[in-house]
Amino acid sequence: EVQLVESGGGLVQAGGSLTLSCAASGFNFRDYVIGWFRQAPGKEREGVSSISMSAGSSDYVDSVKGRFAISRDNAKNTVWLQMSSLRPEDSAVYYCARARVAWRWYGPTPGDYNYWGQGTQVTVSS
């Protein structure tokens with residue numbers, strides 16, 4: 001069974017940092033692009049970042065470029081999202097997700113992912 005479990009969310013002051021983790025199981029982790037997404041109350045789920053199978057490529061939406069960094073360790077079946085210079089508008093539930101097709105590149109577009117974690121709350125106070 002495909003499982004993705006996020007952790008690391010919490011409350012942080014504006015300008016602070018958090019690192020989120022996504023632990024995966026039930027599939028060949030190294031064969032799939034993994035993405036991070038977020039959803040704030042009343043808003044659509046939006047892409048944040050994605051990372052290729054061997055971490056050779058990554059993509060970020062403009063709003064987080066230069067502030068967030070995605071990484072993965074295939075030996076640990078884990079993807080991280082390092083977030084710095086956090087802003088109140090970064091507050092959301094953050095999800096990791098697995099791309100639909102193995103060995104194919106995807107950017108962080110929600111419709112291209114079909115397995116999702118339960119999410120972890122990030123709240124940035126001003």
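The paragraphs below set out a description of the structure included in this document. (Residues numbered from 1 in each chain as written. Predicted model: local features only at pLDDT ≥ 70, side-chain atom pairs only at ≥ 80, totals over all residues. Heavy atoms only, no water.)

Core analysis: the biggest nonpolar cluster contains 26 residues, and Trp36, Phe68, Val79, Leu81, Met83 and Tyr94 have the highest contact counts within it. When residues of this core are traced back to their parent elements, those giving at least two are β3 (18–25), β4 (34–39), β5 (46–51), β7 (68–73), β8 (78–83), β9 (92–99) and β11 (120–125). The biggest single contributor to this core is β3, with four residues. The contact partners of Leu81, leaving out residues within four places of it in the chain, are Leu18, Thr19, Leu20, Trp36, Val48, Ser49, Phe68, Ala69, Ile70 and Tyr94. Of all hydrophobic cores here, the second largest spans seven residues; its members include Phe37, Met53, Tyr106 and Tyr113. (Core = buried A, V, L, I, M, F, W, Y, C linked by side-chain atoms within 4.5 Å. Buried < 20%, exposed > 50% of the residue type's maximum accessible area, 1.4 Å probe, protein only. Helix = DSSP H or I, 4+ residues; strand = E, 2+ residues; numbered from the N terminus. Contact = heavy atoms within 4.5 Å.)

Another aspect to go through is the side chain of Ser50. Within the secondary structure, Ser50 is located in strand β5. Among the polar contacts listed, one links the side chain of Ser50 to the backbone oxygen of Tyr106, at a separation of 2.9 Å. Sequence-distant contacts of Ser50, defined by excluding residues within four places in its chain, comprise Val33, Ile34, Gly35, Ser57, Ser58, Asp59, Ile70, Trp105, Tyr106, Gly107, Pro108 and Tyr113. (Polar contact = N/O pair within 3.5 Å; in protein donor to acceptor, adjacent residues only side chain to side chain.)

Attention now moves to the environment of Asn77. Among the structural elements, Asn77 can be located in the loop between β7 and β8. Residue class for Asn77 comes out partly exposed when judged on its relative accessible area of 26%. Spatially, the C-alpha atom of Asn77 lies 11 Å from that of Ile34, the residues being 43 residues apart in sequence. Once residues within four sequence positions are removed from consideration, Asn77 is found in contact with Cys22, Ala23, Ala24 and Phe29.

A word on the environment of Asn74. Within the secondary structure, Asn74 sits in the loop between β7 and β8. Its relative accessible area of 27% is what places Asn74 among the partly exposed residues. On a C-alpha basis, the gap between Asn74 and Tyr95 in space is 19 Å, while along the polypeptide they are 21 residues apart. Not counting residues within four places of it along the chain, the set of residues in contact with Asn74 comprises Phe29, Arg30, Met53 and Ser54. At 2.8 Å, the side chain of Asn74 and the side chain of Arg72 are in polar contact.

Applying the stated rule across the entire model yields one disulfide. The residue that forms a disulfide with Cys22 is Cys96, at a sulfur-sulfur distance of 2.1 Å. Around the S-S axis, the bridge from Cys22 to Cys96 shows a dihedral of about 70 degrees and counts as right-handed. Of this pair, Cys22 sits in strand β3 while Cys96 sits in strand β9, and the two are 74 residues apart along the sequence. The exposure class of Cys22 is buried, given its relative accessible area of 0%. Note on Cys96: relative accessible area 0%, which makes it buried. (Disulfide = S-S within 2.5 Å.)

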